[in-house]
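Per-entry structural report
Each chain, written out:
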Amino acid sequence: MIKAYSSTVIAVPVAQVWERVRDFNGLPSWHPAATDSKIEEGHANGEVGCVRNFALTDGSGRIRETLLAISDLEHTLSYDMLPNGPLPFVNYIAKMKFTPITDRNETFAEWWADFEAGDGQSQHWHDFVANDVFIGGFRALEDSFKI
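Residues numbered from 1 in each chain as written. Predicted model: local features only at pLDDT ≥ 70, side-chain atom pairs only at ≥ 80, totals over all residues. Heavy atoms only, no water.

1. So, the environment of Y79
Looking at the secondary structure, you find Y79 in strand β5 (residues 76-81). A residue is classified by how much of its surface remains accessible, and Y79, at 2% relative accessible area, is buried. Spatially, the C-alpha atoms of Y79 and F98 are 15 Å apart, while their sequence positions differ by 19 residues. If sequence neighbours within four positions are ignored, Y79 has contacts with F24, R52, E65, T66, L67, L68, Y92, I93, A94 and W111. Separated by 3.1 Å, the side chains of Y79 and W111 make a polar contact. (Helix = DSSP H or I, 4+ residues; strand = E, 2+ residues; numbered from the N terminus. Buried < 20%, exposed > 50% of the residue type's maximum accessible area, 1.4 Å probe, protein only. Contact = heavy atoms within 4.5 Å. Polar contact = N/O pair within 3.5 Å; in protein donor to acceptor, adjacent residues only side chain to side chain.)

See the structure below:
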């Protein structure tokens, strides 16, 4: 089992960060790897069980993820990645958590995932998720408030 974890401080108040991230279909508005997202029929955006279906900006395909849990009180959400996408991930489950840093009115952001790599390249995919997906996403999220 691969366990990827990243954390950082985002120099934006938690309420603003959470408002942007809790929009499950809004991933392309802040993550550089995602574009052209839609919520599949069956559930509304932000409703547990909804499936977001988004294209990767590198053109390698589409990823489908199910919202498993969301808490406005705790500023957390978790999701899984459905099989048959362009990445060789199996049993991928991720969680994001955003905590206020009260003395600076900033946000402590955490993102982690547990999964297996179907192609056996565990270290490669650990580093890719922890650095490119998570840290790259956090940096782009913070930058999205500067525009």
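2. Notes on helix α2 (residues 122-143)
For an α-helix, the turn length of 3.6 residues means that residues three or four places apart are oriented alike. With 22 residues, α2 extends 30 Å from end C-alpha to end C-alpha; this agrees with the ideal 32 Å at 1.5 Å per step. The largest bend along α2 reaches roughly 30° and is located at F128. Three or more residues of α2 are buried, namely W125, V129, A130, V133, F134, I135, G137, F138, A140, L141 and E142. In this fold, the buried residues of α2 make contact with β1 (2-10), α1 (14-21), β6 (89-101) and β7 (106-117). (Expected span 1.5 Å × (residues − 1). Bend = angle between axes of the 7 residues up to and from the residue.)

3. Some points on unusual backbone geometry
For D36, which is not glycine, the phi torsion reads 50° and is therefore positive. The residue D36 is located in strand β2 (residues 34-39) in this model. Located in the positive-phi region is H75, a residue other than glycine, with phi close to 55°. Its place among the elements puts H75 in the loop between β4 (62-71) and β5. Residue classification places H75 among the buried positions, given a relative accessible area of 17%.

4. Observations regarding α1
Along α1, the positions that sit buried rather than exposed are V14, V17, W18 and V21. In an axial view of α1, the angular spread of the buried residues amounts to 95°, which keeps them on one side of the axis. Seen from the buried face of α1, the exposed residues on the opposite side, beyond 90 degrees, are A15 and E19. In the core, the buried residues of α1 are packed alongside β1, β4, β5, β6, β7 and α2. (Arc of directions from axis to C-beta.)

5. Focus on the pattern of salt bridges
Summed over the entire model, instances satisfying the criterion amount to seven salt bridges. Among the ionic pairs, R62 bridges to D36, the shortest N-O distance being 2.7 Å. Of this pair, R62 sits in strand β4 while D36 sits in strand β2, and the two are 26 residues apart along the sequence. Classification of D36 as partly exposed rests on a relative accessible area of 48%. The residue K146 makes a salt bridge to D143 at a minimum N-O spacing of 3.5 Å. (Salt bridge = Lys/Arg side-chain N within 4 Å of Asp/Glu carboxyl O.)

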